[in-house]
Amino acid sequence: MTGATLLFLIIGLGLIAWFFGRLKAAGMQSGGKHSRSALHSLPNYHGWYVALWAILPAAIFLAVWSFASPALITDAALTSPAAAQLPQDAFARAAILSEARAIASGNQVNAFNPLSQSMVEPYRDAITYYQMIGTVAALLLVFACGVYAWLQIKPDLRARTKIERVTMLVLLLASLIAIVTTVGIFLSLVFESVRFFSMVSPIDFLFGTEWNPKAVAGPRGETGFGAIPLFWGTVFIGAIIAMIVAIPLGLMSAIYLTQYAPAKFRSWMKPILEVLAGVPTVVYGYFAALTVAPALRDFAVSIGISNASSESALAAGVVMGIMIIPFVSSMADDSIAAVPSAMRDGSLAMGATQSETIKKVLIPAALPGVVGGVLLAVSRAIGETMIVVMAAGLAANMTANPFSSVTTVTTQIVQLLTGDQEFDSPKTLAAFALGLVLFIVTLLLNLIALRVVKKYREAYE
Amino acid sequence: MNSLTETKRRPTDWQGAEMQKRIAGRYAAERRFKAMGMAAIALSAGFLGFLLVVMVGNGFLGFTQTELPVEIDFPAVTSGASPSQFQGPNAEANLQVMGLREIVNSSIEIQYGPEGTDLFSSGAWTAVSAKILADPDIVEQKTAVNLPVASALDVAYKDEGNPEAEAKVSELSGQFSTGFNWNFLSNSDATDPMQVGIWGAFKGSLITMIVTLMLAFPVGVLAALYLEEYAPKNRLTDLIEVSINNLAAVPSIIFGLLGLAVFLNFFGMPRSGALVGGLTLALMTMPVIVISGRNAVKSVPPSIREAALGIGASPLQVVFHHVLPLALPGILTGTIIGMARALGETAPLLMIGMRAFIATPPSGITDPATVLPVQIFLWSDEVDRGFVEKTSAAIIVLLLFLLIMNALAIYLRNRFETRW
Amino acid sequence: MNYDQKILEPNESVNMTDSATTAMNTESGTPKMTARHVDVFYGDKQAINDVSIDVNMDSVTAFIGPSGCGKSTFLRCMNRMNDTIPIARVTGEIKLEGEDIYASQMDVVQLRARVGMVFQKPNPFPKSIYDNIAYGPRIHGLATGKEELDEIVESSLQRAGLWGEVKDRLDDSGTALSGGQQQRLCIARAIAVDPEVILMDEPCSALDPIATAKIEELIHELRGKYAIVIVTHNMQQAARVSQKTAFFHLGTLVEYGETTDIFTNPREEKTRDYITGRYG
């Protein structure tokens with residue numbers, strides 16, 4: 001019996017339990033012996049009470065079992081006579097075992113190693129055996145706990161209170177998933193990075209200027225993991241070129257829409273600009289690679305830059321900037337809207353023109369908010385992947401020439417992790433180290449930006 | 001009060017030439033500034049328009065295919081097949097037995113010479129097979145069918161191809177016709193651009209989205225309710241809030257790394273499957289749902305809660321009977337927006353191996369699958385020029401779905417938005 | 001700094017004292033601003049109905065009346081601040097020294113420099129005290145250099161009675177001052193562009209009594225140098241600071257006259273009711 005079937009069976013039994021629990025409680029209610037007010041909770045809650053007792057312990061048991069049983073299964077399989085032929089080398093042994101397990105559980109059809117084939121039978125037996133134990137135990141739990149709860153039903157049972165307590169726990173658990181995910185991200189990145197840094201020195205990684213993971217020779221003394229060119233490329237595309245496009249366009253759009261445009265124009269134009277943020281990045285990437293990059297290269301060649309690359313930093317940066325426009329514009333919009341209108345009136349009443357008011361009063365007053373928004377936009381741009389993967393190059397150049405090719409952190413993560421690679425090589429692990437750097441930088445940028453924006457909001461409240 | 005400095009002030013000569021000139025300059029600056037604003041808007045909207053025009057212009061052709069007529073004399077080549085053979089459950093098997101592919105190829109060679117098969121797409125015979133299945137009677141007749149040409153010719157006919165194909169096109173000019181490329185909607189990935197379709201990727205997207213929705217929606221809604229209605233003001237709650245706000249801003253590729261390290265390597269879930277893809281995207285979408293859900297819950301006025309509490313409802317009943325139903329449209333709007341973002345997401349799925357060549361649509365959550373955006377990415381990497389229009393056509397389909405989802409969100413917001 | 005050079009006539013520079021300025025600008029008796037048959041509409045709603053009034057140089061004019069009576073609306077018409085509200089429409093005629101301020105050739109930027117305004121809530125810009133005062137002179141090009149600007153800042157702050165309190169911290173933010181100081185800063189800011197009229201829209205409503213007293217004292221001192229119009233809902237304040245009082249009710253001007261007459265011997269029944277506190 002597979003896990004899913006068992007789960008459905010348990011839920012089905014839970015529904016039956018719900019029915020019986022409700023029935024018993026309803027009987028007490030209408031039995032005449034107890035008046036309605038004698039029943040603390042509605043019969044429905046009694047039903048849920050029994051059902052939860054029937055389902056939850058069994059489900060928890062199954063969860064624990066699914067973690068514990070693989071180890072038990074492997075132990076059992078190793079005691080079989082076939083296991084005697086296994087090589088002593090731990091690595092080869094593990095490979096054979098995992099292959100045998102894959103075949104036994106039906107995820108793989110043929111074995112590459114004949115030894116695995118011989119281990120399949122013992123594995124299959126062990127799996128069947130332990131699955132049986134798990135199933136029987138789970139079903140026993142369902143019945144035992146269900147009956148226990150059913151016997152508990154009395155008029156003064158505080159079924160509703162108990163149900164509510166469980167529901168509250170579920171709500172809390174749902175909220176905790178956010179923390180678990182954050183911790184999960186951090187731990188998985190740190191764990192793999194630590195393995196990487198045991199092979200490559202963190203100093204070489206963070207301050208090295210040569211990035212060439214393909215040239216890596218052996219397990220020790222690796223070179224070519226200097227990430228500075230990647231950091232530079234990321235900053236060049238995401239924080240410089242993209243922002244040169246996005247800040248003026250986004251800011252001026254926001255100013256025009258909030259200060260000059262008639263209400264009708266604004267109500268049309270704002271959603272149109274927001275569409276720019278909703279276009280998937282892969283579409284921008286394709287647009288950059290197909291249309292923008294060749295056009296920019298032709299332009300560069302026509303003005304006499306002969307070494308212009310068709311995967312230029314400029315193409316990726318400009319398109320990324322376009323993508324960021326609505327982001328900057330909506331942050332600027334919010335910030336300007338948060339400046340009290342008294343400020344604007346005060347300036348206009350002095351005889352300032354509207355643009356003088358905007359430039360000398362509104363923008364300076366809204367500056368912290370705008371800066372916070374720009375920081376968020378930068379954090380978004382440097383974490384953006386598809387545009388740079390498709391439009392920026394792979395050459396790790398340290399150049400400030402926008403027409404030449406640079407590479408970014410995200411491009412290299414994709415590059416290192418796609419294709420067939422063993423998981424323990426420094427090449428693969430380097431992707432996690434890059435990911436860790438990216439995670440920390442974007443996190444810091446966000447924290448600073450949110451703090452700036454919050455402070456600014458408080459100033460006008 | 002009356003110090004010396006004050007007495008030096010004289011009334012401003014507003015009508016003086018200098019001042020008038022200065023004011024004219026200020027107004028010119030005002031006009032320039034306003035024009036800059038307008039230019040910024042025009043430029044931004046122009047980019048969007050340009051992008052759409054390029055995509056639609058390229059992609060439109062992807063839905064069409066160039067065809068050449070081929071005359072097939074079924075009675076002569078099939079040695080007396082009867083229509084009844086191609087009805088019912090054995091129809092496809094009988095087609096195989098008959099050797100339709102060879103029949104079609106020989107018919108082509110009769111008409112276009114020994115090199116003729118090079119003119120046609122390698123999957124051209126499937127068009128004939130579909131025709132027979134739709135109308136078995138044609139096997140008793142001599143019929144002309146329009147079959148898709150080879151990709152190089154297709155490109156040359158529609159646009160500008162290599163010189164060789166161009167030469168062929170001008171040689172055969174007049175015989176070409178253009179048909180709707182149904183294959184594009186019903187096929188999956190292939191090596192021949194004439195035979196590719198988005199169905200496989202679309203189905204992959206669908207399954208992945210279902211997994212994402214099933215996980216992210218309940219968790220997101222429950223978390224939003226907890227944080228907005230019950231959470232005590234303590235450090236744990238602060239930590240949850242900080243986590244959610246941070247997760248919403250973590251680059252998507254990091255979620256891919258998480259999926260790779262945790263779901264694939266630690267839990268050993270099947271690579272390339274919609275399950276892992278859906279899980280990864282669910283973690284990404286959940287914060288969006290929580291944040292929009294909290295706003296929706298917050299906008300339900302306290303008077304409703306007080307009214308329910310006042311007639312003796314428990315705090316849980318208040319929320320599930322009153323607050324949640326009222327907040328639901330807002331939550332759904334946020335969910336759709338979050339799902340639309342997940343539907344367009346590519347990078348994290350590359351990390352967990354959903355970039356494989358998938359020629360058969362997935363039938364379950366653990367089957368190797370790909371999704372629309374990843375398919376677009378894969379096709380964009382192909383060197384064959386025939387893929388350019390297919391990529392753009394797939395983009396049109398993706399944008400269409402995003403448009404529908406966003407329109408739905410806007411409709412929901414306008415329809416159910418209540419001003420309290 | 002590239003402010004336009006102003007040409008000084010020799011005799012002007014010698015004699016340009018306060019009293020001379022006053023004398024030149026007033027020509028006592030002729031009103032500084034005149035309004036005739038002014039109507040104001042917000043969309044379809046009429047907010048001001050046929051108001052005619054003269055504002056004189058040598059006196060402080062108070063607009064009083066119950067809230068919503070249109071006194072602030074009318075005040076905002078006098079330097080066209082209503083322009084910032086898209087649905088507002090003004091008909092009739094308001095003249096500043098004989099020029100129609102709603103005429104097409106009237107430059108609103110100049111108008112507002114000549115008719116300054118102080119708002120209900122102090123609204124200093126989030127800039128330094130110095131930059132707050134210097135803002136107007138800078139945008140209008142009233143100072144030829146740093147020295148002249150310094151002089152304008154100092155004299156404006158002195159006139160507003162704030163110099164002693166802030167002279168050592170001109171670089172502090174204007175928002176760091178107390179409420180009463182902020183309001184005096186706003187008055188100083190208005191003075192700095194050397195206006196002819198200063199409109200004050202309930203300038204003390206957000207202030208405590210001590211700060212209010214200081215502002216009132218300031219209004220006293222500024223009288224004669226500028227034509228001052230003050231909107232207030234505080235009748236004692238109107239009686240204390242103004243020489244002329246206009247009573248507004250439901251968008252119409254009910255009564256306008258010498259403050260002493262209005263408060264001791266009003267002609268209209270409505271005015272009497274309001275002043276004696278029957279409603280409002």
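Residues numbered from 1 in each chain as written. Chains lettered and ligands numbered in written order. Predicted model: local features only at pLDDT ≥ 70, side-chain atom pairs only at ≥ 80, totals over all residues. Heavy atoms only, no water.

Visitor: Hey, could you go over a positive patch on the surface for me, with residue numbers and the actual values?
Guide: A grouping of A:Lys359, A:Lys360, B:Arg31 and B:Arg32 is seen on the molecular surface, where their side chains present a positively charged patch. Residue A:Lys360 is classed as partly exposed on the basis of its relative accessible area of 35%. (Patch = residues over 30% accessible without salt bridge, like charges linked within 9 Å, V, L, I, M, F, W, Y side chains within 5 Å. Areas by Shrake-Rupley, 256 points an atom, 1.4 Å probe, with all protein chains shown as cover. Salt bridge = Lys/Arg side-chain N within 4 Å of Asp/Glu carboxyl O. Lys, Arg positive; Asp, Glu negative; His and termini not counted. Charge placed at Lys NZ, Arg CZ, Asp CG, Glu CD. Buried < 20%, exposed > 50% of the residue type's maximum accessible area, 1.4 Å probe, protein only.)

Visitor: Mind laying out the interface of chain A and chain C, listing which residues take part and the relevant values?
Guide: Counting from both sides, the interface comprises 18 residues of chain A and, opposite them, 22 residues of chain C. Of the roughly 1,500 Å² buried at the junction of chain A and chain C (both faces included), carbon and sulfur atoms supply 66%. Here chain A is connected to chain C by one salt bridge. The salt bridge involving A:Asp345 is made with C:Arg76; its shortest N-O contact spans 3.7 Å. Viewed at the interface, chain C and chain A are joined by four residue pairs in polar contact (both at pLDDT 80 or more). Within the residue set of the side of chain A that touches chain C, elements represented by two or more residues are α11 (341–349) and α12 (354–383) of chain A. Considering every element that reaches the side of chain A that touches chain C, the biggest residue donor is α11(A), with seven residues. (Contact = heavy atoms within 4.5 Å. Buried area = accessible area lost by both parts, 1.4 Å probe. Polar contact = N/O pair within 3.5 Å; in protein donor to acceptor, adjacent residues only side chain to side chain. Helix = DSSP H or I, 4+ residues; strand = E, 2+ residues; numbered from the N terminus.)

Visitor: So, the pattern of salt bridges: which residues are in play, and what are the values?
Guide: Taken as a whole and assessed by the stated rule, the structure comprises 26 salt bridges over all chains. Residue A:Arg195 is joined to A:Glu192 by a salt bridge in which the shortest nitrogen-to-oxygen separation is 3.1 Å. Remark: A:Glu192 and A:Arg195 occur in helix α5 (residues 159–199); sequence separation between them is three residues, near one turn of the helix. For A:Arg195, a relative accessible area of 26% translates into the label partly exposed. Relative accessible area serves as the criterion here: at 5%, A:Glu192 is assigned to the buried category. Linking C:Lys146 and C:Asp150 is a salt bridge whose minimum nitrogen-to-oxygen distance equals 3.2 Å. You can see C:Lys146 and its partner C:Asp150 sitting in helix α6 (residues 146–159), four residues apart, about one turn around the helix. A single salt-bridge network, built from bridges that share partners, covers C:Lys32, C:Glu97, C:Glu99, C:Arg114 and C:Glu196.

Visitor: With reference to specific residues and values, describe the pairing of strand β1 (residues 33–42) of chain C.
Guide: Residue and element names in this part refer to chain C. When you tally the buried positions in β1, you get seven out of ten residues, the bulk of the element. Two elements, β1 and strand β2 (residues 45–55), share seven bridges in a ladder whose sense is antiparallel. Among the inter-strand pairings, Val 38 is bridged to a residue of β2, identified as Val 51. Counting the residues that bridge the hairpin from β1 to β2 gives two residues, and of these Gly 43 lies at a positive phi of roughly 65 degrees. (Pairing = 2+ DSSP bridges.)

Visitor: I'd like a rundown of the domain arrangement of chain A, residues and numbers included.
Guide: Per the domain assignment, the segments making up chain A are domain 1 (3–157) and domain 2 (228–460). With centres defined by C-alpha atoms, the gap from domain 1 of chain A to domain 2 of chain A works out at 50 Å. (Domains from an automatic or database assignment.)

Visitor: Can you tell me about the confidence of the model for chain C, naming the residues and giving the values?
Guide: Residue and element names in this part refer to chain C. When pLDDT is averaged across chain C, the result is 84; 89% of the residues are at 70 or more. Low pLDDT, under 50, characterises residues 1–28; the predicted model gives this stretch 36 contacts beyond four residues in sequence or across chains. The complex model carries a pTM of 0.83, and its ipTM stands at 0.88. (pLDDT = per-residue confidence, 0-100.)

Visitor: A description of the confidence of the model for chain A should follow, citing residues and the corresponding values.
Guide: Low-pLDDT stretches of the model should not have their predicted coordinates read in fine detail. Looking at chain A as a whole, the pLDDT averages 84, with 91% of positions reaching at least 70. At the level of individual helices and strands, chain A shows its lowest average pLDDT in helix α3 (residues 90–104) of chain A, which scores 73, and its highest in helix α7 (residues 228–260) of chain A, which scores 93.

Visitor: Go over the packing of α5(A) against helix α15 (residues 426–459) of chain A with me, naming the residues and quoting the values.
Guide: Axes are the key here: two packed helices are described by the angle between their axes and the distance separating the axes. Residue and element names in this part refer to chain A. Between α5 and α15, the shortest axis-to-axis distance is 8 Å and the interhelical angle comes to 130 degrees. The orientation of α5 relative to α15 falls into the category oblique. For α5 against α15, the interelement crossing comes out left-handed. When α5 is examined against α15, the residues Ile 185, Phe 186, Ser 188, Leu 189, Val 190, Glu 192, Ser 193, Arg 195, Phe 196, Phe 197 and Met 199 are found in contact with a partner set consisting of Pro 426, Leu 429, Ala 430, Phe 432, Ala 433, Gly 435, Leu 436 and Phe 439. (Axes fitted to C-alpha atoms, helices over the stretch in contact; angles between N-to-C directions. Parallel < 35°, antiparallel > 145°, perpendicular 65-115°, else oblique. Left-handed = near helix turned anticlockwise from the far one by under 90°.)

Visitor: Kindly report on the packing of aromatic side chains, identifying the contributing residues and their values.
Guide: The description of an aromatic ring pair rests on the distance of the ring centres and on the angle between the ring planes. Going through the model one piece at a time under the given rule, you end up with 33 aromatic pairs over all chains. Residues A:Trp232 and A:Phe236 carry aromatic rings whose centres are separated by 5.0 Å and whose planes lie at 15 degrees to one another, so their mutual orientation is stacked. On the criterion of helical spacing, the pair formed by A:Trp232 and A:Phe236 is a turn pair, its members being four residues apart in helix α7. A:Phe236 sits in the buried class, given a relative accessible area of 6%. Put simply, the rings of B:Phe63, B:Phe180, B:Trp182, B:Phe184, B:Trp379 and B:Phe387 touch in pairs and so form one group of aromatic residues. Above the plane of the ring of C:Phe41 lies C:Arg89, whose end atom (NZ or CZ) is 4.5 Å from the centre. The lysine or arginine in question, C:Arg189, covers the ring of C:Phe125, its NZ or CZ lying 4.2 Å from the ring centre. (Phe/Tyr/Trp six-rings, centres within 6.5 Å; stacked < 30°, edge-to-face > 60°. Lys NZ or Arg CZ within 6 Å of the ring centre and 35° of its normal.)

Visitor: I'd like to hear about the sheet that holds strand β4 (residues 88–96) of chain C, residue by residue, with values.
Guide: Note: strands within a sheet are paired through backbone hydrogen bonds, in either parallel or antiparallel orientation. Pairing within the open sheet is antiparallel, and its four strands lie in the order β2-β1-β4-β5 (chain C). Looking at which strands have only one partner, the edges of the open sheet turn out to be β2 and β5 (99–100) of chain C.

Visitor: Break down the interface of chain A and chain B for me, with residues and values.
Guide: Facing 76 residues of chain A, the contacting portion of chain B comprises 71 residues. Of the roughly 6,400 Å² buried between chain A and chain B on both sides combined, carbon and sulfur atoms contribute 80%. Inspection of the region where chain A meets chain B yields one salt bridge. Where B:Arg26 meets A:Glu356, a salt bridge forms, and the shortest distance between an N and an O atom there is 2.7 Å. The tally of links from chain A across to chain B stands at nine residue pairs in polar contact (both at pLDDT 80 or more). The dominant element in the side of chain A that touches chain B, judged by the number of residues it contributes, is α5(A), at 20 residues. For the side of chain A that touches chain B, the per-class residue count stands at 50 nonpolar, 20 polar and six charged. (Nonpolar A, V, L, I, M, F, W, Y, C, P; charged D, E, K, R; others polar.)

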